[in-house]
Amino acid sequence: MKSISGIHNKLCLDANLYQRRTQRIVLLKGPLVISRMFTVQKKSAIIQAVKFPDSLQYRYAGIMKDIANILVLIPCHNEQDRISNVIREVRKALPSADVVVVDDCSSDDSARVASQEGARILSLCSNLGYGAALETGYLYARKKGYEIVLQMDGDGQHQADQLQFILEPLSSGTADITIGSRYLADTGKISTTLTRRLGHKIFSAIVLILSGLHISDPTSGFQGLNRSALALFSSGIFPCDFPDSDIILMAKLSGLRIKEVPAKMKERSGGESMHSGFMPLYYGVKMLLSIFIVLLNSHIWRSWRKQNIEGPRLSN
Amino acid sequence: MFPRQLIASVILSTLLLVLVIRLVQKQRLDIAYCWLWIAVALASLVIVIKYEWLSKMSAVIGSLTNTTTLFLLGFFAVILMCLQFSLVISAHRRQIKKLCQQMAIIEAMNKDDKDKDTSGKKDKHG
């Protein structure tokens, strides 16, 4: 199967060829191009795109957005007041992407509200934690053969119109993981607590020292993954609670390309943050231990890299 | 060791051993989790019968009295048991996580298939 970047060139040609024709011709040609290039079924994405003609752009970026098999993954726990708005914004930004909400055993009506908005719901029967909810989404995405997974929080902090910046490095094939950083975005003063800012600095420095990778916002859950990253994260190694710096380090040691992009974020409009109370203290200790374990397991990541990253490249 | 103390210790250790075996027999305790309890009961029996071994051990670890050695051994046994419980809980947590995830995925995939069938039927009729 060809990579996304391989399809990029072909689609650029096709987009130019059909730019002067009507939208319908572009859409009809789409499935033919896709069926030649992919082994997995992508036609449904185009058919879905017909339903949202306003979103279609004749530029390559627009076509790419519509044909690539994209899943927007939203883990949520008790977000009934915010989740519908989040889904609506995602639909506006990426109309052809599938939206999956992982309901981490909410005690409110989050799942029903999300379902009414047309999102597919993955309902966990027990509260497993943020990381496990994400992992469930990754497993689903892998089973369904999605090319790209974009993840954002269900509390409305992450803005759906920023998804395109997360998507771009993945669709152009320049990164395996993209992380949206609030510190790189030009938003003026960022209102975070001193503890959180300090935590970001410390873990950012740890990641930099251990992997040479500068990540300004290591706790950002606003991320995008391609198939390689999806394969690593759904292999049973994903932590249940806080998948942050440890996961970044693990991905880097596994040979994945990580890119940080600016992404504007909003303040929480309500609900309870998972970093409230004594949680930051637990988070710090847990993350340090987790990073230590990741380093101890370096041989696992090295062998994963050989099997999944270097092996395929050599055989190509 | 005084004879009364010896008899009491033997009775208590034997009772513990019998209790563990009976619980396993009645399937209230899994064989997988009973080995540490059996080890504790057997160890107490051995210590009572071969009391001089405890004195030798005290000399080896440098404790002045046998009571200290016994306390240390008991403490170590309790720590081991807690560790075993943590292992069991961790394994159960992993299993529950996997189960919940699989249930959620299967449920969603069933819905996907149903939606596909419904839209297929609509296309056929429409």
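Being a predicted model, the structure only gives us computed values, none of them experimental.

Draft legend 1. View of the overall build of chain B. What chain B contains, in helices and strands, is four helices and zero strands. In chain B, the succession of α and β elements from N to C terminus is α-α-α-α. A globule of 126 residues ought to have a C-alpha radius of gyration of about 14 Å, yet chain B, at 27 Å, is considerably larger. Seen through its C-alpha atoms, chain B measures out along the principal axes to roughly 95 × 35 × 15 Å. Sorting the 126 residues of chain B into buried and exposed places 20% on the buried side. The long-range share in chain B, meaning contacts at least 24 apart out of those at least 6 apart in sequence, stands at 52%. Surface summary for chain B: the accessible area is close to 9700 Å², and the carbon and sulfur share equals 69%. Within chain B, one finds 16 positive and 8 negative side-chain charges whose respective centroids are separated by 14 Å.

Draft legend 2. Representation of the pairing of strand 3 (residues 120-123) of chain A in the model. All names here are of chain A. With four bridges joining them, strand 2 (residues 98-103) and strand 3 adopt parallel strand pairing. What sits directly across from V102, in strand 3, is L122. Remark: the strand 2/helix 6 (residues 110-116)/strand 3 crossover connection has right-handed handedness.

Draft legend 3. Region of the structure containing the interface of chain A and chain B. Across the contact, 17 residues belong to chain A and 13 residues belong to chain B. Buried area between chain A and chain B, both sides added, is near 1400 Å², and the carbon and sulfur share of it is 61%. Broken down residue by residue, the surface that chain A buries against chain B is led by A:R120, A:L128 and A:K143, which jointly contribute 34%. The tally of links from chain A across to chain B stands at four salt bridges. Between B:D112 and A:R120 there is a salt bridge, with its nearest N and O atoms 2.5 Å apart. For the side of chain A that touches chain B, the elements supplying multiple residues, two or more each, are strand 3 and helix 7 (130-144) of chain A.

Draft legend 4. Seen up close, the side chain of A:D153. Residues and elements named next belong to chain A. Structurally, the position occupied by D153 is in the loop between strand 4 (148-151) and helix 8 (163-171). Relative accessible area serves as the criterion here: at 15%, D153 is assigned to the buried category. Beyond its immediate chain neighbours, meaning those up to four positions away, D153 contacts I74, P75, V86, Y130, H158 and G221.

Draft legend 5. Seen up close, the pattern of salt bridges. As enumerated under the stated definition, the model contains 13 salt bridges over all chains in all. Ionic pairing is found between A:E117 and A:R88, a salt bridge with its closest N-O pair at 2.9 Å. With A:E117 in the loop between helix 6 and strand 3 and A:R88 in helix 5 (residues 83-93), the pair connects residues that are 29 residues apart, well separated along the chain. One salt bridge in this structure joins A:E135 and B:K97, with 2.8 Å as the shortest N-O distance. In this pair, A:E135 is assigned in helix 7 and B:K97 in helix 4 (residues 66-125), connecting two distinct chains. The two residues A:E135 and B:K97 agree in class, both being buried. Each member of the salt-bridge network shares a partner with another, and the members are A:R120, A:K144, B:D112 and B:D115.

Draft legend 6. Just the confidence of the model for chain A, in detail. Overall, the predicted model of chain A reaches an average pLDDT of 79, with 72% of residues at or above 70. pLDDT under 50 marks residues 12-66 of chain A. Its contacts with residues more than four places away, or in other chains, come to 71 contacts.

Draft legend 7. Representation of the sheet that holds strand 7 (residues 258-262) of chain A within the structure. Residues and elements named next belong to chain A. A sheet is described by the order of its strands in space; here seven strands give the open sequence 3-2-1-4-6-5-7, paired in mixed fashion. Either end of the sheet is taken by a strand with one partner, and the two such strands are strand 3 and strand 7. On average, adjacent strands in this sheet sit at an angle of 20° to one another, irrespective of strand direction. Inspection of the sheet shows strand 1 (residues 70-76) paired to strand 4 by four bridges, in the parallel sense. Residue pairing for strand 4: I70 is matched across the bridge by I148. With respect to the sheet, helix 7 is in contact with strand 1, strand 2, strand 3, strand 4 and strand 6 (223-225), its orientation differing from that of strand 1 by roughly 155°.

Draft legend 8. Representation of the environment of A:L288 in the model. Residue and element names in this part refer to chain A. With respect to the helices, strands and loops of the structure, L288 is situated in helix 12 (residues 279-296). Expressed as a C-alpha distance, the spacing of L288 and S245, which sit 43 residues apart in the sequence, is 9.1 Å. Leave out the neighbours within four places in its chain, and L288 touches F203 and I206.

Draft legend 9. Fine view of the nonpolar core. Residues and elements named next belong to chain A. By size, the foremost hydrophobic cluster in this structure holds 51 residues, and its most contacted members are L122, Y138, Y140, I177, F233, L256 and I258. Ranked by the residues each element gives to this core, the list is headed by helix 7, at eight residues. The next biggest cluster of nonpolar side chains, apart from the first, holds 29 residues, and it includes C76, L94, V101 and L170.

Draft legend 10. Looking closely at a nonpolar patch on the surface. Residue and element names in this part refer to chain B. On the surface, M57, V60, I61, L70, L72 and L73 cluster together into a nonpolar patch covering about 530 Å² of accessible area. Put simply, the parts of the chain that give the nonpolar patch at least two residues each are helix 3 (51-61) and helix 4. Take L70: it is sitting in helix 4.

Draft legend 11. The arrangement of empty space enclosed by the protein in detail. All names here are of chain A. Under the counting rule described, the total for this entry stands at two cavities of 30 Å³ or more. Approximately 30 Å³ is the volume found for the second largest cavity. Lining the second largest cavity, in full, are I177, I179, Q223, F233, I247, I248, A251 and I258. Within the residue set of the lining of the second largest cavity, elements represented by two or more residues are strand 5 (177-181) and helix 11 (245-253). Counting residues per element, the lining of the second largest cavity draws most heavily on helix 11, at three residues. Of the residues belonging to the lining of the second largest cavity, the class tally is seven nonpolar, one polar and no charged.

What counts, and at which threshold
Sequence positions are assigned chain by chain, starting from 1 and proceeding in written order. The lettering of chains begins at A and the numbering of ligands begins at 1, in the order of writing. Per-residue local features of the predicted model are confined to residues with pLDDT of at least 70, and side-chain atom pairs are confined, for both listing and counting, to 80 or more; whole-chain, interface and lining totals are unaffected and use all residues. Water and hydrogen atoms play no part in the side-chain values, which are based on all heavy atoms of the structure. Secondary structure follows DSSP: runs of H or I at least 4 residues long count as helices, runs of E at least 2 residues long count as strands, and numbering of each begins at the N terminus. Note on method: radius of gyration uses C-alpha positions; expected globular size equals 2.2 Å times residues raised to 0.38. Think of it in three bands: residues with accessible area under 20% of the maximum for their type are buried, residues over 50% are exposed, and the middle band is partly exposed, with areas taken using a 1.4 Å probe on protein chains only. Note on contacts: a residue pair is in contact if any heavy atoms of the two residues lie within 4.5 Å. Computed with a 1.4 Å probe, the accessible areas rest on the Shrake-Rupley method; for each residue, only the protein chains presented here act as cover. Counting rule applied: Lys, Arg positive; Asp, Glu negative; His and chain ends not counted. To locate a charge, the coordinates of NZ of Lys, CZ of Arg, CG of Asp or CD of Glu are taken. Strand pairing is defined by DSSP finding a minimum of two bridges between the two strands. Think of it like this: strands point away, you trace from the first strand over the helix to the second, and a clockwise trace means the crossover is right-handed. A quick way to say it: buried area is the sum, across both parts, of accessible area lost when two parts are put together, with a 1.4 Å probe. The working definition used for a salt bridge is a side-chain nitrogen of Lys or Arg within 4 Å of a carboxyl oxygen of Asp or Glu. Values of pLDDT, which run from 0 to 100, indicate the predictor's confidence residue by residue. Orientation is described by lines fitted to C-alpha atoms, with helices fitted over the stretch in contact, and by angles between N-to-C directions that extend from 0 to 180 degrees. As used in this record, nonpolar core signifies buried Ala, Val, Leu, Ile, Met, Phe, Trp, Tyr and Cys residues forming a set joined through side-chain atoms within 4.5 Å. In this analysis, a patch consists of residues with relative accessible area above 30% that form no salt bridge, clustered at 9 Å for like charges and at 5 Å for the nonpolar side chains Val, Leu, Ile, Met, Phe, Trp and Tyr. As defined here, a cavity is a set of points on a 1 Å grid over the protein atoms alone where a 1.4 Å probe fits but cannot get out. A pocket is an open set with protein on both sides within 12 Å along at least five of seven lines, and residues line them when an atom is within 4 Å of a point. Grid points are joined across faces, edges and corners, and a volume is the space filled by probe spheres set on the points. When residue character is reported, Ala, Val, Leu, Ile, Met, Phe, Trp, Tyr, Cys and Pro are called nonpolar, Asp, Glu, Lys and Arg charged, and the others, Gly included, polar.

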